[in-house]
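In case you want the letters, here they are:
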Amino acid sequence: MRGPAGGGAAGGGGAVTGLPVEVCRDLRKLVVRPAGSGGRRLPGLLWIHGGGYVGGLPEHGQDFLEEMAHRLGAVIVSPDYRLAPENPYPAALNDCRDVLDWMHRHVDDVDSSQLLIGGNSAGAGLAAALALINRDQDHVPVLGQMLIYPMLDDRTVLRPADPWTGRYVWTPEQNAFGWRSVLGPDWPPGDPAIPAYAAPARATDLSGLPRAFVATGTLDLFLDENVDYARRLMRAGVPTGLHVEPGAVHGYLGMPGTRLGRKLRRTVTDTMAEWLSGR
């Protein structure tokens, strides 16, 4: 599942560059800048790829990273974080923490006062966990968290199968494998000792988190956990948008050839543009 050690290739609306590794234990990062940025200080977005904690590469969403960089005028960094089961929790979260700190302290053309975090599926679960641990321990200023059908709750593995959700793209069987892989042998799904940084739906206090946007689909296995997490964010006083797309399956952000995929991409970039504008 891993790619070559170098950076990505140029394409779309932005220039893609593999920055020199400065921190992050030699972690490879895909860095996308809008064309013509000229070294100006720009907003920064840490975007975390999906793959059920067990697969994926930053390049798998490169077209969307380029689209976001162009439309937001932002530097986008997507880490090639360590995957389970070889590297269970907290390996991936620690990698993402390191990259956020690196963006905040070491990337000269990133405005550290305009940082966003986000991702899709397991990447969105990591973004939610990163928001929690950053609030509690790291305190890097983050303006917002973009959570696209986030993988948040290990307890979904134990719930009875729903006749409508989880039949397409990401199934209950795949979900069980993902959670067992990332949690490792010491924490079976459902174990009450599982920390919230591993499964953000377990967090009891969501106050003080950056503003959020949660998107999911009515056919997505994560529908219930996504809607519940958005509701709890709202109840905790976190400004939160929730978008539930009728008929959408898991992964539809990665389907730009569909009407729903294009719609979600526009919604995601428009929402983050509003955050960066201060609205």
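See above for the structure.
Calculation notes
- Residues numbered from 1 in each chain as written.
- Predicted model: local features only at pLDDT ≥ 70, side-chain atom pairs only at ≥ 80, totals over all residues.
- Heavy atoms only, no water.
- Helix = DSSP H or I, 4+ residues; strand = E, 2+ residues; numbered from the N terminus.
- Buried < 20%, exposed > 50% of the residue type's maximum accessible area, 1.4 Å probe, protein only.
- Pairing = 2+ DSSP bridges.
- Right-handed = clockwise from strand over helix to strand, strands pointing away.
- Salt bridge = Lys/Arg side-chain N within 4 Å of Asp/Glu carboxyl O.
- Core = buried A, V, L, I, M, F, W, Y, C linked by side-chain atoms within 4.5 Å.
- Contact = heavy atoms within 4.5 Å.
- Polar contact = N/O pair within 3.5 Å; in protein donor to acceptor, adjacent residues only side chain to side chain.
- Axes fitted to C-alpha atoms, helices over the stretch in contact; angles between N-to-C directions.
- Left-handed = near helix turned anticlockwise from the far one by under 90°.
- Nonpolar A, V, L, I, M, F, W, Y, C, P; charged D, E, K, R; others polar.
- Patch = residues over 30% accessible without salt bridge, like charges linked within 9 Å, V, L, I, M, F, W, Y side chains within 5 Å.
- Areas by Shrake-Rupley, 256 points an atom, 1.4 Å probe, with all protein chains shown as cover.

### Side note on unusual backbone geometry
Here comes step 1: Looking along the chain, the bond that leaves A84 and enters P85 is cis, with omega of 0°.
Here comes step 2: Mapped onto the fold, P85 is located in the loop between β4 (75–79) and α2 (91–106).
Here comes step 3: In this chain, Y89 is followed by P90 through a cis amide linkage whose omega measures 10°.
Here comes step 4: Tracing the backbone through its elements, the reader meets P90 in the loop between β4 and α2.
Here comes step 5: Here the phi dihedral of S121 falls at roughly 60°; this positive angle occurs in a residue that is not glycine.
Here comes step 6: As for its position among the elements, S121 is in the loop between β5 (110–120) and α3 (122–138).
Here comes step 7: Judged by relative accessible area, S121 falls into the buried class, the value being 7%.
Here comes step 8: Backbone geometry at V169 places phi at a positive 70°, although glycine is not the residue there.
Here comes step 9: Along the chain, V169 falls in the loop between β6 (144–148) and α4 (172–183).

### What to know about the pairing of β5
Here comes step 1: Of all 11 residues that make up β5, 8 are buried, and the element is covered over most of its length.
Here comes step 2: Looking at chain direction, strand β3 (residues 42–48) and β5 are connected through 6 bridges and run parallel. The residue bridging I48 from the neighbouring strand is G119, located in β5.
Here comes step 3: Remark: the β5/α3/β6 crossover connection has right-handed handedness.

### Quick notes on the pattern of salt bridges
Here comes step 1: Following the criterion strictly, the structure yields 15 salt bridges and no others.
Here comes step 2: With its nearest N and O atoms 2.7 Å apart, the salt bridge here joins R97 to D138. Placement of R97 in helix α2 and of D138 in helix α3 is noted, with a sequence separation of 41 residues between them.
Here comes step 3: Of the charged contacts, one joins R155 and D153 as a salt bridge, the two residues approaching to 2.8 Å between their closest N and O atoms.
Here comes step 4: Each member of the salt-bridge network shares a partner with another, and the members are R28, E59 and D80.

### Concerning the nonpolar core
Here comes step 1: Judged by nonpolar contacts, the single largest core of 58 residues is most densely connected at L46, L100, L126, L130, W179, L209 and Y229.
Here comes step 2: Mapped by element, the contributors of at least two residues to this core are β3, β4, α2, β5, α3, α4, β7 (211–217) and α5 (223–235).
Here comes step 3: The element that contributes the greatest number of residues to this core is α3, accounting for 10 residues.
Here comes step 4: When residues no more than four places from it in sequence are discounted, the contact partners of L100 are L46, L115, I117, L130, N134, V140 and V142.
Here comes step 5: Counting 26 residues, the second largest nonpolar core, distinct from the first, contains L116, A215, A248 and L264.

### A closer look at the environment of D154
Here comes step 1: Along the chain, D154 turns up in the loop between β6 and α4.
Here comes step 2: D154 gets classed as buried once you look at its relative accessible area, which sits at 0%.
Here comes step 3: For the pair D154 and P188, spaced 34 residues apart in sequence, the C-alpha to C-alpha distance is 8.8 Å.
Here comes step 4: Within the local environment of D154, its side chain forms a polar contact with the backbone nitrogen of G190, the two atoms lying 2.7 Å apart.
Here comes step 5: At 2.8 Å, the side chain of D154 forms a polar contact with the side chain of R202.

### Overview of the packing of α2 against α3
Here comes step 1: Packing of α2 against α3 brings their axes to within 10 Å, and their N-to-C directions diverge by 65°. In the packing of α2 onto α3, the handedness of the crossing is right-handed. On the side of α2, the interface is formed by A92, L93, C96, R97 and L100, while α3 contributes L126, A129, L130, I133, N134, Q137 and D138.
Here comes step 2: Considering only residue class, the contact of α2 with α3 consists of 8 nonpolar, 2 polar and 2 charged.

### Digging into a nonpolar patch on the surface
Here comes step 1: Nonpolar side chains collect at one region of the surface, where V227, M234, L242 and V244 lie side by side and expose about 250 Å² of accessible area between them.
Here comes step 2: Looking at the element boundaries, L242 is found in strand β8 (residues 240–245).

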